[in-house]
Amino acid sequence: MDGLRVLLWGGADADHAVRAMTALRPFQVLDGPLGAADLVGLRDGVLVELRGVGPAGLAVRFLDAEAAGRAWIAAHSFLWVITRWGRVEEAVLFGGGAEPLRFSDGRFRPMPRPR
């Protein structure tokens, strides 16, 4: 149960990420800290885990909790919204069989898969 991950660098923090996700759909449950996660939530059948990484990074993991494919939609929607709000310098989306994407310099680009 690895799911999809979005790594963010720059000014995005957990509060900023929660606001971006809530703008798309509200959380049914939001709690934390829990284990290694700063916040854990459930929204629209997707388990979301947020964890601070280093001084200016944030890792967000999306897992299907009800139906397959919802985590893919949630992760891509989140990446689009959070990068448009102007506080993210760089971001990477990967995992779950999705084509890896990188956001930098205001643009999205496909990333080569590791061999």
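Only a predicted model underlies this, so the values are computations on that prediction, with no experimental measurement involved.

Trainee: Explain the overall build of the protein chain residue by residue, including any values.
Mentor: Looking only at helices and strands, the protein chain has two helices and eight strands in total. N-terminal to C-terminal, the α/β element order of the protein chain is β-α-β-β-β-β-α-β-β-β. A compact globule built from 115 residues should have a C-alpha radius of gyration of about 13 Å, and the protein chain, at 13 Å, falls within 12% of that. Dimensions of the protein chain, computed from the C-alpha atoms along their principal axes, are close to 35 × 30 × 25 Å. Counting the 115 residues in the protein chain, one finds 40% classified as buried. Long-range contacts, defined as pairs at least 24 residues apart, comprise 47% of the intrachain contacts of the protein chain with a sequence gap of at least 6. Here the protein chain has roughly 6,500 Å² of accessible surface; of this, 55% comes from carbon and sulfur atoms. Where the 14 positive side-chain charges of the protein chain centre and where its 13 negative ones centre are 6 Å apart.

Trainee: Describe the environment of R61, and please don't skip the residues or the numbers.
Mentor: Among the structural elements, R61 can be located in strand β5 (residues 57-64). R61 sits in the buried class, given a relative accessible area of 17%. Residues R61 and L50, eleven residues apart in the sequence, show an inter-C-alpha distance of 6.6 Å.

Trainee: Run through the side chain of H76, naming residues and quoting values.
Mentor: With respect to the helices, strands and loops of the structure, H76 is situated in helix α2 (residues 70-84). Since its relative accessible area comes to 19%, H76 is described here as buried.

Trainee: I'd like a rundown of the pattern of salt bridges, residues and numbers included.
Mentor: Applying the stated criterion to the full structure yields five salt bridges. With a closest N to O distance of 2.8 Å, D44 and R25 form a salt bridge. Highlighted residues: D44 in the loop between β3 (39-43) and β4 (46-53) and R25 in the loop between α1 (14-24) and β2 (29-31), separated in sequence by 19 residues. Judged by its relative accessible area of 31%, D44 is partly exposed. Across the salt bridge formed by R102 and E90, the nearest N and O atoms sit 2.7 Å from each other. Here R102, found in strand β7 (residues 101-104), pairs with E90, found in strand β6 (residues 88-95); they are twelve residues apart in sequence, far enough to count as distant.

Trainee: Could you give an account of unusual backbone geometry, with specific residues and numbers?
Mentor: With glycine set apart, most residues show a phi of negative sign, and most peptide bonds adopt trans. A cis geometry characterises the amide bond from G32 onward to P33, with omega recorded as -10°. Structurally, P33 is set in the loop between β2 and β3. We note that D44 has phi near 50°; this positive angle belongs to a residue other than glycine.

Trainee: Describe the packing of aromatic side chains, listing the residues and the values that go with them.
Mentor: Using the criterion set out here, one finds three aromatic pairs in the structure. Taking the centre distance of 5.7 Å and the plane angle of 20° together, the rings of W80 and F108 count as stacked. Within this pair, whereas W80 is found in helix α2, its partner F108 is found in strand β8 (residues 107-110), the two being separated by 28 residues in sequence. Look at F108 and you get partly exposed, because its relative accessible area is 25%. Here F103 and F108 contribute two aromatic rings whose centre-to-centre distance is 5.1 Å and whose plane-to-plane angle is 55°, an arrangement assigned as tilted. These aromatic residues form a ring-pair network of at least three members: W80, F103 and F108. The side chain of R43 reaches across the aromatic face of F27, ending 5.8 Å from its centre.

Cut-off values and rules
Residues numbered from 1 in each chain as written. Predicted model: local features only at pLDDT ≥ 70, side-chain atom pairs only at ≥ 80, totals over all residues. Heavy atoms only, no water. Helix = DSSP H or I, 4+ residues; strand = E, 2+ residues; numbered from the N terminus. Rg over C-alpha atoms; globule rule 2.2 N^0.38 Å. Buried < 20%, exposed > 50% of the residue type's maximum accessible area, 1.4 Å probe, protein only. Contact = heavy atoms within 4.5 Å. Areas by Shrake-Rupley, 256 points an atom, 1.4 Å probe, with all protein chains shown as cover. Lys, Arg positive; Asp, Glu negative; His and termini not counted. Charge placed at Lys NZ, Arg CZ, Asp CG, Glu CD. Salt bridge = Lys/Arg side-chain N within 4 Å of Asp/Glu carboxyl O. Phe/Tyr/Trp six-rings, centres within 6.5 Å; stacked < 30°, edge-to-face > 60°. Lys NZ or Arg CZ within 6 Å of the ring centre and 35° of its normal.

From the geometry alone we can't say anything about function, so treat these as descriptive.
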